[in-house]
Every structure is written in structure tokens, then in C-alpha cells.
Amino acid sequence: MNLELTAEQRALVADVEAFAAAWRPLKGREGACLSALHDRGWSAPGWPKPWGGGLAPDQAYLVERALTLAGLPLLDSSTLLQVGPLLLLLADEALCQRFLPAMGAGRARWSLHGSLMGATPLPGRLRGDQVQLDAERILALAAAQATTLALAVRDGRETGLVVADLDPAAVQANQPLDPDTVFLSGLDFEVLATTRTHPALTAALNGETWVEAGCWTGRLRSQYDRLCETTEEGSDERVALAAMGVTLSGLEVLEQRAVLSADRTLRRAVALRAAELGRALSEAALEQLGYYALPSVEPSQAHNELPTQALAARGAMAELIRYLDADPSTSRNDLARRLELTGE
């Protein structure tokens, strides 16, 4: 089949590249750049207007890939592919207006508990706007970098989507590739929707908020290139990295074929394999910095904590996540200094 870009698609890519060129050099202007991308609908190109660009899947893919290759900042994949679609699926204009503009501009970021990604909802009581949880603490993805915690609570036959503003004091950062510990007692939860008031929430809790929009391999390529720059030629690590590069090249071809041919099955397969490769690349980046997981049989307050020399550098967690997500404003040496490790 012919996978050449159409004239319209080439024009879109050229438009993005021209935008990127106008923002070079980028350092120190990442926030303003992401806000400008949001104004054009390019921070979330696949979200419907007015919340995003309203672009077709192939156009959204091309925009994100061009942005990634140009080194411009992107929304984190959780916001782009999970949180935004979750709110959009509820079809509640007021909720979308309240949350999506800040998310699209990068000013707000939600941490999702596993109950919103297929796990069992937390037991509790929903009384109007009041929430009472039976749990004292939970594990939530990237809570140390989030502004809001979101989870599902079950009260009898009714399940609710509840959120709370995150107080940094309520979060204990675990190893970067694992969920963080969140202590719930000091958080003020609000019920946004229930399966009674918003029937579409049932579909969301069944995993139907996962979407295929965006460009998985573009994010991986940026991360891979950064790793190559800091890995010694001829080393065992470079050989292992080269093997990952072969896998990535194959995924890039498959993803383009899946997007341009509208093959949802193939795109889901690419997304799953990209997630596996992304974790491998992230682990390689951590090992370069001398950071290794501390295994623990059961999750607890001490589960997979940072090594002693990094515990004092609380702000390093944000730097580490940004580095792993290929944020151009964060260099390996800057990150190492924040972690109190050796840069070179």
C-alpha cells in the first residue's frame, strides 16, 4: 500500500516545523511554548475543539511527531491519552471547561490511581459532595509531579470519580518508574461524577478512555537519542542500546503504517510494545546515573524509596521525570547534580 504523505499532510508538517523554528533557542521558554502550542490546538491535537486541535488521528500523529523531532515540549502521555479522554467521555461541558484548558496548557496535571485504569475502586462513602475513604494511603502514578489526585470510589452499587488537590507534604516519592505513595487523611476530596449522574463513567472505568491518538515512537526516539549522546561508544550499554534502536526503528515504520491506514488493531499493538520499550529506555537512563531499584515484597511507606544520597533532593523527582520524558530543558548533568550523583 502507498504510505506517502498527501500534499495536505506535508503542508501540516511544514507548518509545525516553521512554528518550531520560531521558538529556537527554546531554553527557558518551555512553559510559554507549551501555552502557545495550546493556543493553536497542538498541545492536544487529537482532542476535539475547543479543548484541542480537533484533528483527525493521522494529523494528530504528524503534529506530535514533528513537535517531538523538533525538540518542543509535549503534554505528558497520561494527560494526553488518559485524563483528557476520561473527562471528554463524560460529556460534561462544565467539567471540561473547568479542567481541560489548564491541562492543555500544561498548568495542571492529574495523578491517576489504578482504580481509574482497570483496578478495583476504593471502598468508601459518597454523600453528595462529601467523600469518606476507608484507605489511609494509596499508590498513584507520578503523584510527586501532579497537582491533582484522581481515583474511583465505590459506595454500594454506585461508583464515583473523585479528585483532590495534592499537597506535596502528602506525597512520598518512590522510585521514578513506580507509583508514589499518597497519604489521604489531609486531602479534601470532591465528587466530580458518579455512575448514576454520569452513565458514561461506567464505560470509562471499563478502560474505554484509552485512545490511540498521538505519536508513541516520536517520544521514544527523542529519549533514545538523548541516551545515545551520553553512552560510551563500544560499551556493553551502547550495544544494548543499539538493539533497542533496531526495535524502535521497526516500531516507527509500523506506527506510521497503522496511523495512515487507520488500522486500530496494529496501533494498539504498537502502543503496547512502545510502552515496554519506553520502560527499558527509562531503566537504562536511570542506570547511567547509578540509580537502581530497591526490591520490596509488599508496597509500604518504604517501598522502593530513593537511595540515601537522593532522599534530600526532593525536587530531583520532577527533574528525573522530565528527563525520562525527554524534556529539552533538562540535561543529564543537571539531573545528576540534583540527585547528588556524578554527572559524567
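In this report, the structure presented in the accompanying data block is examined. (Residues numbered from 1 in each chain as written. Predicted model: local features only at pLDDT ≥ 70, side-chain atom pairs only at ≥ 80, totals over all residues. Heavy atoms only, no water.)

1. Points about the overall build of the protein chain
Okay, so step 1: Scanning the protein chain from N- to C-terminus turns up 12 helices and 9 strands.
Okay, so step 2: Each of the 344 residues in the protein chain was classed as buried or not, and the buried ones make up 51%.
Okay, so step 3: Sequence-distant contacts, at least 24 apart, represent 70% of the contacts inside the protein chain between residues at least 6 apart. (Helix = DSSP H or I, 4+ residues; strand = E, 2+ residues; numbered from the N terminus. Buried < 20%, exposed > 50% of the residue type's maximum accessible area, 1.4 Å probe, protein only. Contact = heavy atoms within 4.5 Å.)

2. Here we look at the nonpolar core
Okay, so step 1: In terms of nonpolar packing, the biggest core is built from 64 residues, with M103 and W110 touching the most fellow members.
Okay, so step 2: Per element, the largest residue contribution to this core is 6 residues, and it comes from helix α9 (residues 264-288).
Okay, so step 3: Not counting the four nearest positions on each side in its chain, W110 is found in contact with S78, V83, L87, F99, M103, A146, T148, A150, V163 and L192.
Okay, so step 4: Ranked by size, the runner-up nonpolar core spans 21 residues in total, among them L126, V131, A140 and L149. (Core = buried A, V, L, I, M, F, W, Y, C linked by side-chain atoms within 4.5 Å.)

3. A short note on the pairing of strand β8 (residues 180-183)
Okay, so step 1: Bridge count between strand β4 (residues 137-140) and β8: 4 bridges; the pairing is antiparallel. Bridge assignment links A140 to a residue of β8, and that residue is D180.
Okay, so step 2: With 2 bridges connecting them, strand β7 (residues 171-172) and β8 associate as antiparallel partners. The partner of V171 across the bridge, within β8, is V182. (Pairing = 2+ DSSP bridges.)

4. As for the packing of helix α3 (residues 57-69) against helix α7 (residues 216-229)
Okay, so step 1: Look at α3 against α7: their axes get within 8 Å of each other, and the N-to-C directions meet at 5°. It follows that α3 is roughly parallel to α7 by the angle criterion. The segment α3 lies against α7, with E64, R65, T68 and L69 engaging T217, G218, R219, R221 and S222.
Okay, so step 2: Here the residues of the contact of α3 with α7 are counted per class, giving 1 nonpolar, 4 polar and 4 charged. (Axes fitted to C-alpha atoms, helices over the stretch in contact; angles between N-to-C directions. Parallel < 35°, antiparallel > 145°, perpendicular 65-115°, else oblique. Nonpolar A, V, L, I, M, F, W, Y, C, P; charged D, E, K, R; others polar.)

5. Looking at the environment of R137
Okay, so step 1: Structurally, R137 is set in strand β4.
Okay, so step 2: In this structure R137 comes out as partly exposed when scored by relative accessible area, which is 39%.
Okay, so step 3: Taking the C-alpha atoms as reference, R137 lies 4.3 Å from F183; in sequence the two are 46 residues apart.

6. Describing the pattern of salt bridges
Okay, so step 1: For the structure on display, the rule yields 13 salt bridges.
Okay, so step 2: In this structure, E64 and R219 form a salt bridge, with 2.7 Å as the shortest nitrogen-oxygen distance. Remark: R219 occurs in helix α7 and E64 occurs in helix α3; sequence separation between them is 155 residues. Neither E64 nor R219 differs from the other in exposure class; each is buried. (Salt bridge = Lys/Arg side-chain N within 4 Å of Asp/Glu carboxyl O.)

7. Concerning the side chain of T231
Okay, so step 1: With respect to the secondary-structure elements, T231 resides in the loop between α7 and α8 (236-260).
Okay, so step 2: Classification of T231 as buried rests on a relative accessible area of 10%.
Okay, so step 3: T231 has contacts with E237, R238, L241 and Q288, leaving out every residue within four places of it along the chain.

8. Examining the packing of aromatic side chains
Okay, so step 1: Summed over all chains, the structure comprises 3 aromatic pairs.
Okay, so step 2: Ring centres of F19 and W23 lie 6.2 Å apart, and the angle between their planes is 40°; on these two criteria the pair is classed as tilted.
Okay, so step 3: F19 gets classed as buried once you look at its relative accessible area, which sits at 10%.
Okay, so step 4: According to the relative accessible area criterion, W23 is buried, its value standing at 16%.
Okay, so step 5: For the ring pair F99 and W110, a centre distance of 5.2 Å and an interplane angle of 80° mean the geometry is edge-to-face. Within this pair, whereas F99 is found in helix α5 (residues 93-104), its partner W110 is found in strand β1 (residues 110-112), the two being separated by 11 residues in sequence. For the pair shown, F99 and W110 are each scored as buried.
Okay, so step 6: Among the aromatic residues, those joined into a ring-pair cluster are F19, W23 and W42.
Okay, so step 7: In this structure, R40 is placed above the aromatic ring of W42, and the distance from its NZ or CZ to the ring centre is 4.2 Å. (Phe/Tyr/Trp six-rings, centres within 6.5 Å; stacked < 30°, edge-to-face > 60°. Lys NZ or Arg CZ within 6 Å of the ring centre and 35° of its normal.)

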